[in-house]
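Coordinate analysis (summary)
Residue-level listing of the chains:
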Amino acid sequence: MAERRAFAQKISRTVAAEVRKQIAGQYGGSPQLFKNLNAGTLTSNTVPLTEAVEPVDFEEYLITHPPIVESGPLRDLIEFPPDDIEVIYTPRECRTVVQAIPEEGDTDPHVRDCVRSYTEDWAIVNRKYHKLGTGFNPNSLDKQKERQKGLPKQVFEADELPDSSGYQDDQDDLKRRSMSIDDTPRGSWACSIFDLKNSLPDSLLPHLLDRAPNEEIDRHNEDQRKTNRHRELFALHPALDEEDPIERHCVPDVPKEHFGQRLLVKCLSLKFEIEIEPIFASLALYDVKEKKKISENFFFDLNSEQTKAMLRPHIQTAAISTLARSAIFSITYPSQDVFLVIKLEKVLQQGDIGECAEPYMVFKESDANKNKEKLEKLRSQSEQFCQRLGRYRMPFAWTAIHLMNIVNSAGSLERDTELEMSLSERKGSWSERRNSSIMGRRSLERTTSGDESCSLTGFRPATLTITNFFKQEGDRLSDEDLYKFLADMRRPSSVLRRLRPITAQLKLDISPAPENPHYCLTPDLLQVKPYPDSRVRPTRDILEFPARDVYVPNTTYRNLLYVNPQSLNFANRQGSARNITVKVQFMNGEDPNNAMQVIFGKSSCADFYKEAYTSVVYHNRSPDFHDEIKIKLPASLSDHHHILFTFYHVSCQQKQNTLLETPVGYTWIPMLQNGRLRTGHFCLPVSLEKPPQSYSVLSPDVPLPGMKWVDNHRGVFNVEVVAVSTIHTQDQYLDKFFALVHALDEHMFPVRIGDMRIMENNLETELKSSIAALNSSQLEPVVRFLHLLLDKLVLLVVRPPVIAGQIVNLGQSSFEVMAAIVNRLHKYLDTSQDMHGRNSLLSSYIHYVFRLPSTDPNSPSPGPGGLGGSVHYATMARSAVRPASLNLNRSRSLSNSNPDISGTPTSPDDEVRAIIGSKGLDRSNSWVHTMGCKSAPWGSSPGSAPETMQAMERCGNRMSSHTESASFLQTLTGRLPTKKLFHEELALQWVVSSGSVREGALQQAWFFFELMVKSIIHHLYFAERLESPRKNRFPERFMDDITALVSTIAGDIVSRFQKDLELVERLNTSLAFFLNDLLSVMDRGFVFTLIKAYWKQVSTKVYALQNPTLESLRLDFLRIVCSHEHYVTLNLPCSLLTPPASPSPSVSSATSQSSGFSTHVQDQKIANMFELSVPFREQHFMAGLVLSELSVILDPDNEGMFGLHKKVVSVVHNLLSSHDSDPRYADSEVKARVAMLYLPLIGIVMETLPQLHDFTESLNQWGRSGGVQGTTVCSNGDDAEAEGNNMINQTVAMAIAGTTTTSPMSRPSSFLLNSQANRQHGSFSAESSRSLLICLLWVLKNADELVLQKWFTDLSVSQLNRLLDLLYLCVSCFEYKGKKAFERMNSLTFKKSKDMKAKLEEAILGSIGARQEMVRRSRGQLERSPSGSAFGSQENLRWRKDMTHWRQNSERLDKTRAELEHEALIDGNLATEANLIILDTLEIIVQTVSVTESKESILGGVLKVLLHSMACNQSALYLQHCFATQRALVSKFPELLFEEETEQCADLCLRLLRSCSSSISTIRAHASASLYLLMRQNFEIGNNFARVKMQVTMSLSSLVGTSQNFNEEFLRRSLKTILTYAEEDLELRETTFPDQVQDLVFNLHMILSDTVKMKEHQEDPEMLIDLMYRYCTKLMNVQENQF
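These figures come from a predicted structure and were not determined experimentally. (Residues numbered from 1 in each chain as written. Predicted model: local features only at pLDDT ≥ 70, side-chain atom pairs only at ≥ 80, totals over all residues. Heavy atoms only, no water.)

1. Structural notes on the overall build of the protein
Looking only at helices and strands, one finds 57 helices and 31 strands in the protein. Among the 1683 residues that make up the protein, the fraction classed as buried is 59%. Residue pairs in contact within the protein that sit at least 24 positions apart in sequence constitute 82% of those at least 6 positions apart. (Helix = DSSP H or I, 4+ residues; strand = E, 2+ residues; numbered from the N terminus. Buried < 20%, exposed > 50% of the residue type's maximum accessible area, 1.4 Å probe, protein only. Contact = heavy atoms within 4.5 Å.)

2. Describing the pattern of salt bridges
One pass over the structure, following the stated rule, counts 71 salt bridges. When the shortest N-O distance is used, the salt bridge between Asp-337 and Arg-490 registers 2.7 Å. Here Asp-337 is found in the loop between strand 7 (326–331) and strand 8 (338–347), whereas its partner Arg-490 is found in the loop between helix 15 (479–489) and strand 12 (502–512), with 153 residues between them in sequence. Arg-391 serves as the salt-bridge partner of Glu-661, at 3.3 Å between the closest nitrogen and oxygen. One end of the pair, Glu-661, is in strand 23 (residues 661–670); the other, Arg-391, is in the loop between helix 12 (372–389) and strand 9 (393–402), with 270 residues separating them in the sequence. (Salt bridge = Lys/Arg side-chain N within 4 Å of Asp/Glu carboxyl O.)

3. Some details on the packing of helix 53 (residues 1561–1582) against helix 56 (residues 1633–1656)
In contact at an axis separation of 11 Å, helix 53 and helix 56 are set at 130° when each is read in the N-to-C sense. By the angle class used here, helix 53 and helix 56 are oblique. The crossing of helix 53 and helix 56 is right-handed. Contact residues: Tyr-1572, Met-1575, Arg-1576 and Phe-1579 in helix 53; Phe-1633, Gln-1636, Val-1637 and Leu-1640 in helix 56. Grouping the constituent residues of the contact of helix 53 with helix 56 by class yields 6 nonpolar, 1 polar and 1 charged. (Axes fitted to C-alpha atoms, helices over the stretch in contact; angles between N-to-C directions. Parallel < 35°, antiparallel > 145°, perpendicular 65-115°, else oblique. Left-handed = near helix turned anticlockwise from the far one by under 90°. Nonpolar A, V, L, I, M, F, W, Y, C, P; charged D, E, K, R; others polar.)

4. Regarding the pairing of strand 22 (residues 642–650)
Side-chain positions along a regular strand alternate between the two faces of the sheet. The buried fraction of strand 22 is high, at 9 of 9 residues. Burial along strand 22 is two-sided: the residues His-642, Leu-644, Thr-646, Tyr-648 and Val-650 and Ile-643, Phe-645, Phe-647 and His-649 are all buried. The pairing of strand 17 (residues 580–587) with strand 22 spans 8 bridges and is classified as antiparallel. Bridge pairing in strand 22 places Val-584 opposite Phe-645. Both strand 22 and strand 23 contribute to a ladder of 9 bridges, which runs antiparallel. Of the residues in strand 23, the one forming a bridge with Val-650 is Glu-661. (Pairing = 2+ DSSP bridges.)

5. Describing the sheet that holds strand 23
Each strand in a sheet pairs with its neighbour through backbone hydrogen bonds, running either in the same direction (parallel) or in the opposite one (antiparallel). Across the sheet, 4 strands lie side by side as 20-17-22-23; this open sheet has antiparallel pairing. Of all strands in the sheet, those bounded by a partner on one side alone are strand 20 (611–613) and strand 23. Between one strand and the next, the sheet's axes are offset by a mean angle of 20°, whatever the strand orientation.

6. With respect to the confidence of the model for the protein
Looking at the protein as a whole, the pLDDT averages 78, with 75% of positions reaching at least 70. For residues 163–187, every residue scores under 50 in pLDDT, and the model assigns this stretch 35 contacts once sequence neighbours within four places are set aside. (pLDDT = per-residue confidence, 0-100.)

So, in C-alpha cells, the structure goes:
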C-alpha cells in the first residue's frame, strides 16, 4: 500500500504543472480562473484570500440600512431576536422535604454565608437559541434517523430485477423466461406481427402531441419537477463521521451532593437458640486495605416487643427515626477489601463476656423443654440486670461479610439469591461458611481484575443468612484488632475457624439501592423526597467516610461531629475503678444544666439525648472502647462549647450503700481553639476531681493549680474527634482567609486569628498574605468550599475594602490566587474534564453559582447587601466621577497592582462639578449612570506586541487605590455610588499580569473568559442594558483591554504552538468560544476586528512556516466562532450586494441614492456575489473567511495543506447542513438569502474539479458484463477494485500505458479531464469530494434562480463547460447503489484492518507524534483528538475504503433487514433529489443559452450530462422528469441532435430503447413518448427520419445482444405504445410518417424475436447460423430502406 501511495504522489508531482497548463488551455484562461474572473472590471483594491479584509461596522450598517421588510421570516434575518439572552434564577433542587438550615438562625456571618451559598437559587444565563448553532446540528449521526421518517420509497429498476448470482444462472434463467413468454412457434413474420398486435401498450402521456410554445412546456415541466421535492438535502446525506463536534459546549452538571455507589441493606430477623434478653446490633463498613471505617454506624434492633419491655424504665418512647431496619450505604471507592461488620451488644451484667455468652453456645432451641428451668432462671436474672443496669451496655459478639463475594455470587446466579453463610444444622462451622465465599471469589477472579471491576450497581438482590457469630474478646475490642481479624478471615487457614461460634440466625437482604427510595432519612434525620407518610418505618441514609479524598463542592448544610473514645489506662489510678463507662456530653457552659440535647440516639429510643455512655468491659481497668457517639454541632460555636467526658465505675452487684455509678475521673475538649474547630486524635490527661470554674476555655493539658490528675497529668485517655461539616473548613489557611474577610464585614478590631491579634493598621498586609497563602491549603477543603471561596475573591475584587480609611485594591492578589486555584484543580482532578479541558467543577460554578455581588433578584436595589454585602466596602467605580467630599491624598495615588505607574488624576474641582451634575449618589441607579464615564489614561506601560501597543497604553494603569478619608465613608454609609465591575477588573488584571501569574491564567484561559462573559451579561441584565445599542454598552477602556488581551493571546498561540501544542489547542478553542460569546453581547463590528486581529497574526506565521498544524488550529477557531446561533444574521444576508429580484421591489433601488443602475454596475454586482471579492468578504465577513479558507486550502499549489482538505470541507458541510435543518430558514425565500452567502462556493468547486475524486471510474457501465445492470460491485463508490487486491485501477493503468479502454456500450466519455491519465491522481478522498459536491448541490438547489441565470450569462463558454463537467461528476457521485450492493457490503467484513490502516495512514502523513499520542492516551482520548486538529483528521487515502461515504455500514457488521431497507430508502431519495437539482441547473443553463444565443456550443455538454444521468441507476421519478427535459431540449434545438451531435443521437436512442425495455411501466411510458417524439422531430426537419431509424435499429441489436437481463415482453409493449402514438397522431396522419413508423416498429420487432431465438439456440450451431443469416438480411433490408 505504501508503494502505491508513493507512486501516486510521484504522478501528481510530475504532472501537476502540465495538467494545469492543459486545463488552462482547455478553459481559455489561467488556472486561477475564478479567482481572477472579472479582474478587469474590479478596480477596487484587492486583498489576497490569505488575509482578512476590513470587516463591515456591523452596528453602524444596521443603523444606516433600515430593513425594507416590516416583518416575517426575512425581517428576522436582519437582527438578533430581542429575547436572545435571558438571566434565569432557578430554585435549586432540594433532596429533602425541608431545606437543611441551622435551627439557631444566622448568627455568625460565616455560617450565614455558607447557608446562603447552599440555598440560593442558581443564576443561569441562557442563550435561548443556542441549540440552533452548528454544535447541535440535528443532521448528526445519532439524530438523523428521526428526520428521515416519512420519506417516499423511490422505485428503481435495479431493485426490481431478480437476483443474479452469476452469468450462467442468468443464461439459464433467460432461456426459461423467454420460452415461457409465449409458446407460439416464431418462424414467421406474420406470427411476429401477431405477437406485437396482441401486446398491450403502456398508458399514453396526455397532451404529448399538442403544439405548445416552448416557454409553456418549460413552465409545466418546472412545476412538475418542483412539486413534492424533499426540503432538506442534508437530511438525506449521511452525516459526517465526527466524534463530538469541537464547537459543542455542553451544559455542565448541576452541583449536587456526592454519593458513591449505593447499597441497600435490609435487616430482616435475628434469632438465637435462646431468647432471654434484648440484643442490640449495629452495621458499618470497613476497608481493610485502607485500615479505615468507611461509614458511620447504623444501629438497629430486631427484638420482640416483650423483650423490649424489659427495658421500659430506661427507655422513653422510641422515635420513629430509631426504628429503622434498613439502611443505604454509599461506597465511593468499592474494592475487594470492603467488609460489612455486624456488632452485637447486650445489657451490662455481672461477669465477663465469655461467661455471659456461654448460655448462647450451650443451649439449643430444640432442647428448650429439657432446660426450661435453667432458661427461666437466666431470664429472671436478665430482667433484674435490665431493671438496674438498663442504661449500660456490654460488647457481646460480632461477624463480618466480605461484600464483594456477595455481590459477585449474587451476580452470577439466576434469580434473587439466597446465600447461606454457613450450614445451620449441627454446629455450623467457619470452614463450611468459607466454602461458599471461596467459590464466589474464584468465579470473581476469573471475571475481574483490580478495583475498577468492583461495581455495586448491577448485581441481583441477595438474601443472606448468617449463622455464626464470634464472641467479642474483652481485650481485643480496638479497630486495630478488628482489621487483623478481617485480614485473617480472607485466609483459608483462619484463626477464627478454631474459635467456638455463637450460633444464631441473622437474615439480611442486600441489593443495589433504588434511584429514589421512599421513606428515607438523611444522616441529619431530614426526610428525603418522596416521603408520603411520616408514620412509616424509615430507611436510614448512612453517612460515608470515604476511604480517600472526594473532591466535590459542598451544596448542603451539614454539621456533625463523631466522638470515638478509643482506650483508657487507669492501671496507675489508686482506688476501685474496674467496670468503667465514659459519659460523653456536649456542653455550652460549665453548669451541669448546660449539657445540650444534641447527641443522636441509637435504636428504639429518642432522637436526641444530653449524654451517651460507652459500653462496659467487666473488671477491666484499661478498657478499649468501640463506641461511636454522633453529635449535631450547633451552627455557631463559642469559646464555652466543649465536650465533657466523665468516667464512672459501675457497680454490677447490688450491695447496700453502694451507688450504681461512682465518678472516677473527668476530662474535656474545648471545641474552639483560636476560633477554629478542634478535631483529630487526642490523648488527654484525666483529672480525679471536678474541674474548677472557667475550665472550659482551657485545654486539660494546662496544669491548673490545685488539681489532682491520674498518673501525674500524663495522657491516659485516647479519643478521636471527627467533624463532617460544611461550615468548618478544617484548614488553617482557609479559616484565616474567611475570618479576615468577616472581620472586614464586622469592622471590629482587633481581630483575633489563631494566636495573633490583628490591629486595623496591619490588616491590609495580613489580608494580602492570607490570600496568597490560600495556595498552601489542602486541595480537598478548597474544593469543598470552592463556591464560597470564589465568591469571596470576586467580592474583594468588586468591592475593595476600606481599611483605616483607605481603599485597598485586592484585584491583583485575588486574580493571582484564582489562577493558582484553578490550575491546581485542573492538575489534580484531570479526570473530570470535558473535551475542551474544562474542569467540570469550575464550569458548573460559572454556569450555576457565579453572579455579580448584590445582583440578587430579591434585593430591592443593587446597593450593599446581597452577597456578604457590608457597608464597609468602598464601592468606587473606576470612573472620573468621585464624591465631592472625597479628600484625595496625592501621595498614595499609585496603582497597587503596577508599581511603575505614577501620575495624578483630574483635579478635584472638576470631579466635584461632575458629581453634582450626575446622579452619582442615587443608590439604585447610580451604577447604571456612571458606567459610561471614562477616565483619562495615566501613563503607559510597555506593550507586548506592536499591535497591542495603543490598547496597552490606554489600559495599563488604571488600578487606582486612592486614599480616601474615613470620614467621607462614614457620611456615605450605605450610599456608596457604584462599584467596580468584575469583568472590567478581570480584563485589566489579566492584561497587566506577567510571569507565572499570566502563565497560570493562560493555562486555564477558558475559566476567566467564561467568568468575564457571565459577568458582562449579568451587568447588562441588571443595568437593563441588554436592550441598549451595543456601541455604548461598555467604556472604551474595557474595549481596549479586550483588544489587548485577544491580541496577546493570539500572539501566544502563534509563538508557542510548536512547543506546547496541548496548551495552545486549549487556548485556541477558549479564545474562539470567548469571541463567539461576545458576539451575543458586544458591538459585533468590534468583535469582527478582534477576529481579524487573530487572523492577521496567524496568517503571517502560517505563510512564513507553511505549517498545517497552525492552519488546523485556525480552522478549529473558525468553526467555533461560526457555530454562533445567529451566524447567518452576522453575515448580513440582506445586504446591498444583492441584485434586485424581479417580483419584489428592487433592494438596491430602494436603498441606494439613485435607482438607475447601469448595467455595468449590475454585472459587477453579480460578479461580486459569486466571487470572493473584497466587497463580498467585507459584507459577509464570516462567510467570507470560511470560503477563503476553503479556497486557499483546496488550492492545488498549496500542497502543504493537503492533510486539511477533509477538515475544511467539513467546516462548510457542517454549516450548510445546520442551515438546512434550521426551522428559522425553512421558508424558501429565506433559504435563498442564506444560500447567497455561499455563491462563491460554486466557483471554488469548479476550480477544484481536476483534483476531485473521479466517481465516474468507479461505476460499472450498464452494458459491461459483471454487475447487475449498473449496480456497483464496488462497495462504496471508491475505485472498482475488489478489496484493493489489484493495486492499480484498470482504467488508470491503461491510461498510463497510453491506451484507452472503451467498449461500444461504455458510458459517454466522462468529463474532459477524465480521459487524460494526467489527472492529479486522487488528490481528494472520495469522502471529501462527496461532501464538497453535496454542498455545491445545496447551493444550487437553494440559490435564487434569477441570480444564477444572470451569472451563467456572464460566464464564458469554457467556464460553463467546466460547470457541466462538475454536474456530470455529481451524477456519478450520487448514483444509487442498489439494495443488493447494501446487502453485499453488509456481508463483507470491513472492520478487519481499519485500526491498522488508520495508524499507518497517520504515520505516512507524519501527523501524530509519540508525545502527542502519549498525552492523548493518558487522557483516555487516543481515539479522538480533542480539537480534531491536524492529527487524526487527515484526508483518507483512497484505499481506506471503510472511511468513505458509507462508513456507517461498517460500524456494526450484521445489520437487520430493516436497517438495510432504510439505508437503501435514504440512498434512493438522495440520488433522486441530487439528480433533480442537477436537472434544475441544466434547465437554467439552457435558458441562459436561449437568452444569449451565443453559447449554443455548450448544449452538447448539457446533452452529455443528461445522457450520463440516464445511463446511471435512476428512480422512475427522476427519469420521467429527465425525459421531459430531454424532449423539451430536442424541440427547442432540433438541429443540435440531428446535425451537430450525431454521436449523442446514437447514444440517446440507445438510452431510450434501454428504458423502453424497463420493467417499470412509468419509465417505459416516458421513454416510448420520447422515442416517438424523436422520430417525429427528425421527420419534421427533412420529411424522413432515416437517422433515428438507423440509430434505433443498431441500438436494438447491440442492446439485445449484450444485455443479460433483457426482457422482450417489456420492449414489445413499448413498441406497441409507439405504434399507438403513430395511429393517434392526427397532425401527421396525411404524411408517410405513420407508415414509416409502422415499418420500423415491425422490423424492430422481428429483429427482437430473432435475437431472442439466437440466444435460445446457442447450443445448436446449424440453427444458429440459419438464424444469423436471416437476421443479417433483415438488417440489410432495414438499412436499404433507410438510406
